[in-house]
Number of protein chains: 2
Amino acid sequence: MKIPAILALACLAVTPPIAHAKVVTRSVEYTHDGVVLEGYLAYDDATAGKRPGVLVVHQWLGLTDNERMRAQMLAELGYVAFAVDVYGKGVRPASAAEAPQQAGKYYGDRALFRARLAAGLAQLKANSLVDPARCAAIGYCFGGGGVLELARAGADLAGVVSFHGSLDTPLPAVAGAVKAKVLVCHGAVDPYVKPEAVHGFLEEMEAAKVDYQFIMYSGAVHAFTQKAAGDDPAKGAAYDADADRRSWRHMQDFFAEIFR
Amino acid sequence: MKIPAILALACLAVTPPIAHAKVVTRSVEYTHDGVVLEGYLAYDDATAGKRPGVLVVHQWLGLTDNERMRAQMLAELGYVAFAVDVYGKGVRPASAAEAPQQAGKYYGDRALFRARLAAGLAQLKANSLVDPARCAAIGYCFGGGGVLELARAGADLAGVVSFHGSLDTPLPAVAGAVKAKVLVCHGAVDPYVKPEAVHGFLEEMEAAKVDYQFIMYSGAVHAFTQKAAGDDPAKGAAYDADADRRSWRHMQDFFAEIFR
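Residues numbered from 1 in each chain as written. Chains lettered and ligands numbered in written order. Predicted model: local features only at pLDDT ≥ 70, side-chain atom pairs only at ≥ 80, totals over all residues. Heavy atoms only, no water.

## Description of the overall build of chain A
- Counting secondary structure elements, chain A contains 7 helices and 8 strands.
- Expected size for 260 residues packed as a compact globule is a radius of gyration near 18 Å; at 18 Å, chain A falls within 12% of this value.
- Each principal axis of the C-alpha atoms in chain A carries an extent, and together these give about 55 × 40 × 40 Å.
- Residues counted as buried form 55% of the 260 residues belonging to chain A. (Helix = DSSP H or I, 4+ residues; strand = E, 2+ residues; numbered from the N terminus. Rg over C-alpha atoms; globule rule 2.2 N^0.38 Å. Buried < 20%, exposed > 50% of the residue type's maximum accessible area, 1.4 Å probe, protein only.)

The structure is reproduced here in structure tokens:
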């Protein structure tokens, strides 16, 4: 599904303007506090008007083809999508064995995690095609926890969507501080995000008067949107086509509401 | 929103066929085990083809304007809707003080509850406009518990949707017996259907390998779809416009999937 920017531009050069989507993508270097980061931008070049922007926050392996695919899917839906890079340019754990060290750095320093994500959000909002008053953030696993951190930090977002994200935090939401509406798409039998964490999260959100929706998908474990996770739920992480399709639909409903 | 059947028919008689919805409604008497019941049918008379059927199961006051309104809304969406009568013709508790006696009769005899609902489903499926292979049931409070009982009983339904329904049962689902997909729309702080009931329900559904989705709406208490419940969540039952609108949308997503 990936369309290299150079190819997309070449097509534009030789074909007349068309009404349907022409997704343009490119890598984007930016910095946070002196650290060079490499994100990924996707948007439909067939129209010129400002539109909502959606931040995409990666799972614990860093920015991969998974987030590039989601950014493209969002661009096809009419949004400007920007997949952030939390870890830094070239910092891409090669396997699940190496991932916890990187992810743990940000889980262990939520202020840094939030600031790193805020830098990505600023990058998205600075895009001339983006209506900065209509932005959302979505994230997967580690990135699901990330978008919830952005919400807790009071980021100027219309909404955030977590897919099988971590839910706990040492810095719980404070009543009145959360601007974003929240949608959590959760695997009902996720062994990495247990019922106690769900219970604690719901209590946190209620106490902080957050506008949230929490959806549980039957039989789904961790990483249910990720085909690379395989198909064996007994491993604790596995792709689930029903939960993937349904959660993407629920995200679109959520966007239809917050971007109306 | 209610259009009396006689008025709708009168309009049809004097105006040419039109493309948009022309909802016809009427009361329907039927029986179960010698008991006379009075349900309410709604469908769009502008088209003649078979279409999915949706059973609507009332809350503990029995069949009221609330269920008639939902049946009409479903007809406007293109379904044949039939609001069942569990209690019997003319048996309509006048207040919440009188309702528990009637509701308790069926909560206390789940076999009767299931059989009474199955009679309503048979009535729906016998309608010549209904595709009997594509039927669902939705229910509110008592009726939400009712549609879950239908699912547990193995009723031939593509899906059931519970809105702020009771979740517990003395006759839990058995693995392999449930044909219907399940959607539960739940108020996150419903004081009548507490977290322990939610937890037990999720365990029951997982153990029985049911295909379910469970959605919690922030700040919503019991009866969140019912305007008559007032607007004070402190009373434990109250209307919630966000949860009402969102759950109706989620029901439509669910129908789009099960009726495709």
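## Structural notes on the relation of the copies chain B and chain A
- Superposing chain B onto chain A requires a rotation of 180 degrees together with a translation of 0.0 Å along the rotation axis, leaving an RMSD of 0.0 Å. Taken together, the turn and the small shift mark the pair as related by a two-fold rotation axis. Considering only C-alpha atoms, the part of chain B nearest the rotation axis is I215 of chain B, at 2.2 Å.
- Both copies share a contact surface, since 100% of the interface residues of chain B are interface residues in chain A too. (Least-squares fit on C-alpha atoms with pLDDT ≥ 70 in both. Contact = heavy atoms within 4.5 Å.)

## Some words on the interface of chain B and chain A
- Taken together, the contact between chain B and chain A spans 23 residues of the former and 23 residues of the latter.
- Interface of chain B and chain A: buried area, both sides summed, is about 1900 Å²; carbon and sulfur atoms make up 45% of it.
- Across the salt bridge formed by D253 of chain A and R249 of chain B, the nearest N and O atoms sit 3.7 Å from each other.
- Counting across the chain B and chain A interface gives 12 residue pairs in polar contact (both at pLDDT 80 or more). (Buried area = accessible area lost by both parts, 1.4 Å probe. Salt bridge = Lys/Arg side-chain N within 4 Å of Asp/Glu carboxyl O. Polar contact = N/O pair within 3.5 Å; in protein donor to acceptor, adjacent residues only side chain to side chain.)

## With respect to the pairing of strand 1 (residues 23-32) of chain B
All names here are of chain B.
- Sheet analysis places strand 1 next to strand 2 (residues 35-44), joined by 10 bridges and oriented antiparallel. What sits directly across from V28, in strand 2, is G39.
- The hairpin turn running from strand 1 into strand 2, its antiparallel successor, is 2 residues long, and D33 in that turn takes a positive phi close to 50 degrees. (Pairing = 2+ DSSP bridges.)

## Re the pairing of strand 5 (residues 130-140) of chain B
Residues and elements named next belong to chain B.
- Taken together, the 6 bridges between strand 3 (residues 51-57) and strand 5 define a ladder with parallel strand orientation. For G53, the partnering residue across the bridge sits in strand 5 and is C135.
- Pairing between strand 5 and strand 6 (residues 159-163): 5 bridges, direction parallel. Looking at the pairing, I138 lines up with V161 of strand 6.
- This β-α-β element, strand 5 to helix 5 (residues 142-152) to strand 6, shows right-handed connectivity. (Right-handed = clockwise from strand over helix to strand, strands pointing away.)

## Some remarks on helix 7 (residues 241-258) of chain B
All names here are of chain B.
- The end-to-end C-alpha distance of helix 7 is 26 Å, a good match for the 26 Å that 18 residues give at a rise of 1.5 Å each.
- Among the residues of helix 7, A243, D244, R246, S247, W248, H250, M251, D253, F254, F255, E257 and I258 are the ones counted as buried.
- The N-capping residue of helix 7, defined by a side-chain oxygen 3.1 Å from the backbone nitrogen of D242, is D240. (Expected span 1.5 Å × (residues − 1).)

## A few points about the pattern of salt bridges
- By the definition in use, this model includes 34 salt bridges over all chains.
- Several salt bridges converge on common partners, so that one network encompasses K181, D211 and E257 of chain A together with D242, R245 and R246 of chain B.

## Considering empty space enclosed by the protein
Residues and elements named next belong to chain B.
- Counted under the stated rule, the structure contains 1 cavity of 30 Å³ or more.
- Considering only enclosed or pocket space, the largest cavity measures out at about 30 Å³ in volume.
- In this structure, the largest cavity is lined by L148, A151, R152, A173, V178, V182, F201 and M205.
- Put simply, the parts of the chain that give the lining of the largest cavity at least two residues each are helix 5 and helix 6 (195-207).
- At 3 residues, helix 5 tops the list of elements feeding residues into the lining of the largest cavity. (1 Å grid on protein atoms, 1.4 Å probe; cavity = no way out; pocket = protein on both sides within 12 Å on 5 of 7 lines; lining within 4 Å. Points joined across faces, edges and corners; volume = space filled by probe spheres on them.)

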